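Notes for the structure review
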Amino acid sequence: ARGEWVEAFLNWTRERDCQPDFLAVHIYNRDSEDESLSPFGGAQAAKINRRADFAAEVIRGVRGLADRMHFRGEIHWNEWGRSWWICDPDRESANEAGYIVKTMSEVSQCADCFAYWCLSDVYDQGGYGAEAFHGNYGMLSLNSLRKPSYHAFSLLSMCGEERIPAAVLDGGCTGCIATRSQKEYVFLYYCF
């Protein structure tokens, strides 16, 4: 979980000459109340977990720590998101899609793999509700309806191969990912 174990683990493996091939880590934006629980790459004020960039700063922090420790394996964020709460109604809103796109726009190059938790609302970790949309983790609802998180990843998959600089003038929680490939430019705007 989170990443507070990464430095001790990498030191342990270095002492025993058995560096791992990969690290599997997870982070949620609400993993901590007032201090980071893992390596943190941002300003002290951003350590509060309700800030939209908390998870991104932890992801940057783990990447920076791994680089400083000369870790050459892969980093997999195999579970991440805005909230770890089992039933969070905001997961059914456009804000969830905006959060996903914003976070990936900031940290997609800081790891080898990002896997959102999880594909479907039908799984046994915390049970599931009888209604179509009840705020569970999945990108597909109980009846396989595509949720905002699904659409965010669908749009991200349409981005081109090369990132190009882009900015939105009003700032705040609005941004843009601009990419190009041989045939086209793609601009993905987000807000939350």
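Preceding this paragraph is the structure being described.
Structure report, in brief. Bear in mind the structure is a predicted one, so any value in this text is a computation, not a measurement. (Residues numbered from 1 in each chain as written. Predicted model: local features only at pLDDT ≥ 70, side-chain atom pairs only at ≥ 80, totals over all residues. Heavy atoms only, no water.)

Considerations on the pairing of strand β6 (residues 185-191)
The alternating pattern of β6 places V186, L188 and Y190 on a buried face and Y185, F187, Y189 and C191 on a face that is not buried. Direction of pairing for strand β5 (residues 174-180) relative to β6: antiparallel, over a ladder of seven bridges. Following the sheet pairing, G175 is matched in β6 by Y190. Hairpin connection of β5 to β6: four residues between the antiparallel strands. (Buried < 20%, exposed > 50% of the residue type's maximum accessible area, 1.4 Å probe, protein only. Helix = DSSP H or I, 4+ residues; strand = E, 2+ residues; numbered from the N terminus. Pairing = 2+ DSSP bridges.)

Thoughts on a nonpolar patch on the surface
Together, Y185, F187 and Y189 give the surface a local cluster of nonpolar side chains, amounting to about 400 Å² of exposed area. In this fold, F187 is placed in strand β6. (Patch = residues over 30% accessible without salt bridge, like charges linked within 9 Å, V, L, I, M, F, W, Y side chains within 5 Å. Areas by Shrake-Rupley, 256 points an atom, 1.4 Å probe, with all protein chains shown as cover. Salt bridge = Lys/Arg side-chain N within 4 Å of Asp/Glu carboxyl O.)

Considering the nonpolar core
Membership of the largest hydrophobic core comes to 35 residues, with the highest contact counts inside it found for I27, I75, W77, W80 and F114. Within the residue set of this core, elements represented by two or more residues are α1 (6-15), β1 (22-28), α2 (54-68), β2 (74-81), α3 (94-107), α4 (148-157) and β6. By residue number, the principal contributor to this core is α2, which donates eight residues. Setting aside chain neighbours within four positions, we find F114 in contact with I59, W77, W80, M104, V107 and S108. (Core = buried A, V, L, I, M, F, W, Y, C linked by side-chain atoms within 4.5 Å. Contact = heavy atoms within 4.5 Å.)

Some words on the pattern of salt bridges
Applying the stated criterion to the full structure yields ten salt bridges. With a closest N to O distance of 3.3 Å, E15 and R16 form a salt bridge. What makes E15 exposed here is its relative accessible area of 63%. Residue class for R16 comes out partly exposed when judged on its relative accessible area of 43%. As a salt-bridge pair, R180 and E162 come within 3.0 Å of each other at their nearest N and O atoms. With a gap of 18 residues between them, R180 in strand β5 and E162 in strand β4 (residues 162-164) connect regions that are remote in the sequence. R180 gets classed as partly exposed once you look at its relative accessible area, which sits at 31%. The partly exposed category is assigned to E162, whose relative accessible area is 39%.

A short note on α2
For α2, built from 15 residues, the straight-helix expectation of 21 Å at 1.5 Å per residue is met to within 8% by its first-to-last C-alpha distance of 21 Å. Where burial is concerned, most of α2 is hidden: eleven out of the 15 residues are buried. Taken as a whole, α2 has its buried residues at F54, A55, A56, E57, V58, I59, G61, V62, R63, L65 and A66. Buried residues belonging to α2 abut α1, β1, β2, α3 and β3 (113-114). (Expected span 1.5 Å × (residues − 1).)

Section: the packing of α3 against α4
Direction vectors running N to C along α3 and α4 enclose 35°, while the axes themselves pass 7 Å from each other. In this structure, α3 meets α4 at a crossing whose hand is right-handed. Here A94, E96, A97, I100, V101 and M104 of α3 come into contact with α4, specifically with P148, S149, A152, F153 and L156. Class assignment for the residues of the contact of α3 with α4 results in nine nonpolar, one polar and one charged. (Axes fitted to C-alpha atoms, helices over the stretch in contact; angles between N-to-C directions. Left-handed = near helix turned anticlockwise from the far one by under 90°. Nonpolar A, V, L, I, M, F, W, Y, C, P; charged D, E, K, R; others polar.)

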